[in-house]
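# Coordinates in review
Chain by chain, the residues run as shown.
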Amino acid sequence: AAAGSSRWYQVEAILTDGGRLRSNVVELAPFSGEVRVFAQPNPATDQVHFAAMGAEGLLRVEVWAPTGQRIAVLSGEGLVTWQIPAALSNGVYLWQAEFAGQIYTGRVQVQR
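Residues numbered from 1 in each chain as written. Predicted model: local features only at pLDDT ≥ 70, side-chain atom pairs only at ≥ 80, totals over all residues. Heavy atoms only, no water.

### Re the pairing of strand S8 (residues 70-77)
- Across 7 bridges, strand S7 (residues 58-64) lies against S8 in antiparallel orientation. Looking across to S8, one finds that Leu-59 is bridged to Gly-76.
- Counting the residues in the hairpin turn of S7 and S8 gives 5 residues, including Gly-68, whose phi is positive at 95 degrees. (Pairing = 2+ DSSP bridges. Helix = DSSP H or I, 4+ residues; strand = E, 2+ residues; numbered from the N terminus.)

### With respect to the packing of aromatic side chains
- Across all of its chains, the model carries 2 aromatic pairs by this definition.
- Ring centres of Trp-82 and Tyr-93 lie 6.3 Å apart, and the angle between their planes is 65 degrees; on these two criteria the pair is classed as edge-to-face. Highlighted residues: Trp-82 in strand S9 (residues 79-83) and Tyr-93 in strand S10 (residues 91-99), separated in sequence by 11 residues.
- Residue class for Trp-82 comes out buried when judged on its relative accessible area of 4%.
- A relative accessible area of 5% places Tyr-93 in the buried class. (Phe/Tyr/Trp six-rings, centres within 6.5 Å; stacked < 30°, edge-to-face > 60°. Buried < 20%, exposed > 50% of the residue type's maximum accessible area, 1.4 Å probe, protein only.)

### Section: the side chain of Glu-62
- With respect to the element layout, Glu-62 can be found in strand S7.
- Residue Glu-62 is classed as buried on the basis of its relative accessible area of 11%.
- Here the side chain of Glu-62 touches Arg-70 through a polar contact of 3.4 Å, side chain to side chain.
- Those residues within four positions of Glu-62 in sequence are excluded, and the remaining contacts are Arg-70, Ala-72, Val-73, Leu-94, Trp-95 and Gln-96. (Polar contact = N/O pair within 3.5 Å; in protein donor to acceptor, adjacent residues only side chain to side chain. Contact = heavy atoms within 4.5 Å.)

As far as function goes, none of this settles anything; it's purely spatial.
Below you can see the structure in the form of structure tokens.
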């Protein structure tokens, strides 16, 4: 790959029964110095990891249902995990994160 260009990766696991599992294809881009917050996997089935890059500090995340109801508040040092409640319906949920003095927003799809 050319200097400064992105690289794409996919992980494949071979199971003991001969089956195979593949991850989503992810892009690893050169670090730009930009502070970012992202959610993975998306879509998600049972948990979502919210991670912050580009700085150190407390990451605070709120997850909201489409109805406007706040359904989760999480905080931790740069990485937090949302355990999706079993009773939560499939759909698109909104998140808002506060990290390094900035507000970040996004959507995560719950799909079981």
